[in-house]
Amino acid sequence: MLTGADWWKKAVFYQIYPRSYMDSDGDGIGDLPGIIEKLDYLNDGTANSLGVDAIWFSPFFKSPEYDYGYDIADYCDIDPRFGTLEDFDRLVSEAHRRGIRVMLDLVVNHSSHEHPWFKESRSSRDNPRRDWYIWRDGVGPRNRPPNNWRNHFFGPAWTYDEHTEQYYLHSFLPQQPDLNWFNPQVRRAVDDVVRFWLDRGADGFRLDVAHVYCKDEQFRSNPPFYRRPKAAEKASIGDLSLPVYLFYLLGLPELQAKLYNQHHPETHRVLKEFRKTLDEYPEKTSIGEIVGQDPRVTASYYGTGNDELHMNFYFDLTHCRWKAGAFRRAVERWESLLPAEAWPAYTFSNHDIVRAISRFGRGSDSDARARLLAMLLLTLRGTPFIYYGEEIGMKELRLPRRLLRDPVGKKWYPFHRGRDGCRSPMQWKGGHAAGFTSGDPWLPIGPEAERRNVAFQDKDPRSLLNFYRRLIWLRKEQPALITGSYRSVVEGVPGDCYAYLREDKGKRLLVALNFAARRRKLCLPPTLEPSRLLISTAESRTAGEPGSPLILDSYEGCLLEL
Ligand code: GLC
């Protein structure tokens, strides 16, 4: 197991969506015993396994599943669909035994409406837990919602509760009421939850929508999207670029800049307290899901002097167009914005967005592009997060509207297909349900499962899976890829290629990626002449002399020693 206070800087993380990973009891839903069965696949200590060092688990806590686990009804228990607390303990010890750290999803902007805290809160206006959530009177003779805030999915952020005749706030579904982070009792209760899991062996947390925790105390309405933010407002929403304005236009009824219901300064104080708790325990880490249109605002969640989140997802990379320059500029921007001690974290896919291979892929080019992305992800300076199935090139599932399960697709976005497409069951082998379950899988199996599965690719040395394995194990032996510095190389590099140097204690590695569908020639300066090829995405290139000038095949990526 990676050890030391900064083990997470060296780790390759893997995200598991538990409902979809492995079903051990045939009910069609993945579970913890199923995951335990598959730990050897993830890391058995040898290069025959994927070699990941940590898993981030999407939530498996008790939940009525209006938002598939992101609505939690008991923070300190496992949902019976997934198993028991004993299964969790076994998962931690089996994972640790294989050198895999366990990272949990902390979903505390909101709870489920079925959480006992909310049940008490809504029971009467004078209940001691009333103020644990955010309640407000309606306004005007027609008893309208307190302000114009919209939830982050679709629709108003306020729901009227007939029983106590007030509105409550929910930044997501009405079944996900927002906790009141200005209430010190709420902070203490969540701190207890954090300690509960740390004491049970968890190695850290991914913080769900942490930028939404605290809201404007005066509950001011958000300005319309088309009004440019004033100087004082930029601190919380940043500057809105033209593309962002256009993006807002697509969500017609949601035409507002979320000025007053996210990125509140108090959230930084909450995160500093959270960090203090984590720091009381050895070797713990955290990563934030911080969404903002301005990377300067997202970068601020590292805190001052590294006192907030250890890591922060940089989602700008997921929005890039398929252009070498777009990826290079996005990385350079993040590198330049981060405080000196801040550590980047990169991902291309997760349970909320279209799988990268389907987003970036184009017909028969998809697999070559997936390899190139793998090389980029695993060689940048920062911690890589792989989404389950990405390593076998699992593609987005296309579902007819009547089969959608995700509330976002089902009822909230008339024009949105929801997020089921990236949540289809893991494809283990050919045949029934791709080996995920002996029963009926909760979501259909994704496309091309007869080929895009673990068993099939395991046998093929040229498969995407075996490429991931080789690259991950190679990464472990190259300190320059882990702690080394990052520098873009532009001299002699064609515009549709992206090249960078990773350097550590005199050891220099060059990553050269060709984003074009045609061969490209790199005329590198003599000081950057490669001496040895470590790995290429193209199986046709055999290790050895890379040649000068360096010719890259279509979509080829090379990792070279200088
Ligand atoms: C985060 C999660 C997403 C969830 C939302 C509300 O964005 O990643 O799946 O729906 O928060 O909890």
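Bear in mind that the values here come from a model prediction, so they are computed numbers and not experimental data.

Draft legend 1. Spatial organisation of the side chain of Asn147. Mapped onto the elements of the fold, Asn147 is located in the loop between strand E6 (135–136) and strand E7 (158–161). Here the side chain of Asn147 touches Trp149 through a polar contact of 3.0 Å, landing on its backbone nitrogen. Apart from the residues lying within four places of it in its own chain, the contact partners of Asn147 are Trp158, Phe219, Arg220 and Ser221.

Draft legend 2. How the structure looks around the pairing of E7. Of the strand pairs in this sheet, E7 and strand E8 (residues 166–169) are connected by 4 bridges, and their pairing is antiparallel. Its bridge partner lying in E8, Tyr160 is registered against Tyr167. Hairpin connection of E7 to E8: 4 residues between the antiparallel strands, including Glu165 at a positive phi of 55°.

Draft legend 3. Representation of the site of the ligand within the structure. What surrounds the ligand is a group of 14 residues, the closest being Asp67, Asp208, Glu289, His351 and Asp352. With respect to the ligand, the side chain of His110 contributes an N or O atom lying 2.9 Å from an oxygen atom. At a separation of 2.9 Å, an oxygen atom of the ligand approaches a polar side-chain atom of Arg419. Isolated, the ligand exposes 300 Å² of accessible area, and the fraction of that covered by the protein chains is 96%.

Draft legend 4. Looking closely at empty space enclosed by the protein. Tallied over the full model, the rule gives 2 cavities of 30 Å³ or more. Around the largest cavity, the lining is made up of 14 residues, and of these Ala356, Ile357, Ala370, Glu390 and Tyr468 lie nearest the centre. Among the elements of the structure, helix H12 (356–360) and helix H13 (366–379) are those that each provide at least two residues to the lining of the largest cavity. For the lining of the largest cavity, the leading source of residues is H13, giving 4 residues. A per-class count over the lining of the largest cavity returns 9 nonpolar, 3 polar and 2 charged. Looking at the second largest cavity, its volume works out to about 40 Å³. For the second largest cavity, the full set of lining residues is Phe61, Ile72, Tyr75, Leu104, Asp105, Leu106, Val107, Val193, Trp197 and Phe205.

Draft legend 5. Looking closely at the confidence of the model for the protein chain. Put simply, the protein chain has an average pLDDT of 93, and 93% of its residues get 70 or more. Predicted confidence in the protein chain is weakest over helix H8 (residues 242–250), with a mean pLDDT of 55, and strongest over strand E1 (residues 13–16), with 99.

Draft legend 6. Inspection of the nonpolar core at higher detail. Counting 143 residues, the largest nonpolar core has Tyr14, Leu42, Phe327 and Tyr498 as the members making the most contacts within it. The element best represented in this core is H13, accounting for 8 residues. In contact with Tyr498, not counting residues within four places along its chain, are Ala324, Phe327, Arg328, Val331, Leu376, Leu380, Tyr486, Val493, Val511, Ala512, Leu513 and Phe515. If you look at the next biggest cluster of nonpolar residues, it comprises 15 residues, including Ala512, Leu522, Leu524 and Leu552.

Draft legend 7. Structural view of the packing of aromatic side chains. Scanning the model with the defined rule gives 44 aromatic pairs in all. Pairing Phe13 with Phe385 gives two aromatic rings, centres 4.5 Å apart and planes at 20°, and the pair type is stacked. On the criterion of sequence distance, the pair formed by Phe13 in strand E1 and Phe385 in strand E13 (residues 383–387) is long-range, its members being 372 residues apart. Phe13 gets classed as buried once you look at its relative accessible area, which sits at 0%. Looking at Phe385, the relative accessible area reads 1%, which means it is buried. When the centroid spacing of 5.5 Å and the interplanar angle of 50° are considered together, the rings of Phe57 and Phe60 count as tilted. Looking at Phe60, the relative accessible area reads 0%, which means it is buried. Put simply, the rings of Trp7, Phe13, Trp56, Phe313, Phe315 and Phe385 touch in pairs and so form one group of aromatic residues.

Draft legend 8. Looking closely at the pattern of salt bridges. The final tally for this structure, using the stated rule, is 49 salt bridges. A salt bridge links Arg470 to Glu539; its shortest N-O distance comes to 3.0 Å. Here Glu539 lies in the loop between strand E18 (532–536) and strand E19 (550–552) and Arg470 lies in helix H16 (residues 464–476), a separation of 69 residues in the sequence. On the basis of relative accessible area, Arg470 is assigned to the partly exposed category, the value being 34%. For Arg532, the salt bridge is made with Glu561, and the minimal N-O distance between the two is 3.1 Å. Of this pair, Arg532 sits in strand E18 while Glu561 sits in strand E20 (residues 557–561), and the two are 29 residues apart along the sequence. Judged by its relative accessible area of 13%, Glu561 falls in the buried class. Each of Asp67, Asp352, Asp406, Arg419 and Arg423 takes part in a single network of salt bridges with overlapping partners.

Draft legend 9. Here's a closer look at the pairing of strand E2 (residues 54–57). Of the two faces of E2, both are covered, the one formed by Ala54 and Trp56 as well as the one formed by Ile55 and Phe57. Pairing of E1 with E2, which is carried by 4 bridges, proceeds in the parallel orientation. Among the inter-strand pairings, Tyr14 is bridged to a residue of E2, identified as Ile55. When E2 meets strand E5 (residues 101–106), the two strands line up parallel, connected through 3 bridges. Paired with Ile55 across the strands is Val102, a residue of E5.

Draft legend 10. Local environment of the packing of helix H6 (residues 184–199) against helix H9 (residues 265–280). Contact geometry for H6 and H9: axes closest at 11 Å, N-to-C directions at 35°. For the crossing formed where H6 meets H9, the hand is right-handed. Where H6 abuts H9, its residues Arg187, Asp191, Val194, Arg195 and Leu198 lie against Glu266, Val270, Glu273, Phe274, Thr277, Leu278 and Glu280. Within the contact of H6 with H9, the residues separate by chemical class into 5 nonpolar, 1 polar and 6 charged.

Draft legend 11. Broad picture of the sheet that holds strand E12 (residues 345–347). Strand order in this open sheet of 8 strands is E11-E10-E9-E5-E2-E1-E13-E12, and the pairing throughout is parallel. Every other strand in the sheet has two partners, leaving strand E11 (311–312) and E12 as the edge strands with one partner each. Running at roughly 165° to strand E9 (residues 204–207), H9 makes contact with E5, E9 and strand E10 (285–288) of the sheet.

Draft legend 12. Broad picture of H16. Helix length check: H16, at 13 residues, gives a terminal C-alpha distance of 19 Å against a target of 18 Å (1.5 Å per residue), a fit within 8%. With 11 of 13 residues buried, H16 lies mostly within the body of the structure.

Draft legend 13. Focus on the layout of surface pockets. Approximately 370 Å³ is the volume attributed to the second largest pocket. Surrounding the second largest pocket, 19 residues form its lining, Asp367, Ala368, Arg371, Arg462 and Glu539 being those nearest its centre. Elements with a minimum of two residues in the lining of the second largest pocket: H13 and helix H15 (454–458). Examining the composition of the lining of the second largest pocket, we find that 3 residues originate from one element, H13, more than from any other. Each residue belonging to the lining of the second largest pocket can be placed in one class, and the counts come to 5 nonpolar, 5 polar and 9 charged.

Cut-offs used in this document
- Residues numbered from 1 in each chain as written.
- Predicted model: local features only at pLDDT ≥ 70, side-chain atom pairs only at ≥ 80, totals over all residues.
- Heavy atoms only, no water.
- Helix = DSSP H or I, 4+ residues; strand = E, 2+ residues; numbered from the N terminus.
- Polar contact = N/O pair within 3.5 Å; in protein donor to acceptor, adjacent residues only side chain to side chain.
- Contact = heavy atoms within 4.5 Å.
- Pairing = 2+ DSSP bridges.
- Near = heavy atom within 4 Å.
- Areas by Shrake-Rupley, 256 points an atom, 1.4 Å probe, with all protein chains shown as cover.
- 1 Å grid on protein atoms, 1.4 Å probe; cavity = no way out; pocket = protein on both sides within 12 Å on 5 of 7 lines; lining within 4 Å.
- Points joined across faces, edges and corners; volume = space filled by probe spheres on them.
- Nonpolar A, V, L, I, M, F, W, Y, C, P; charged D, E, K, R; others polar.
- pLDDT = per-residue confidence, 0-100.
- Core = buried A, V, L, I, M, F, W, Y, C linked by side-chain atoms within 4.5 Å.
- Buried < 20%, exposed > 50% of the residue type's maximum accessible area, 1.4 Å probe, protein only.
- Phe/Tyr/Trp six-rings, centres within 6.5 Å; stacked < 30°, edge-to-face > 60°.
- Salt bridge = Lys/Arg side-chain N within 4 Å of Asp/Glu carboxyl O.
- Axes fitted to C-alpha atoms, helices over the stretch in contact; angles between N-to-C directions.
- Left-handed = near helix turned anticlockwise from the far one by under 90°.
- Expected span 1.5 Å × (residues − 1).

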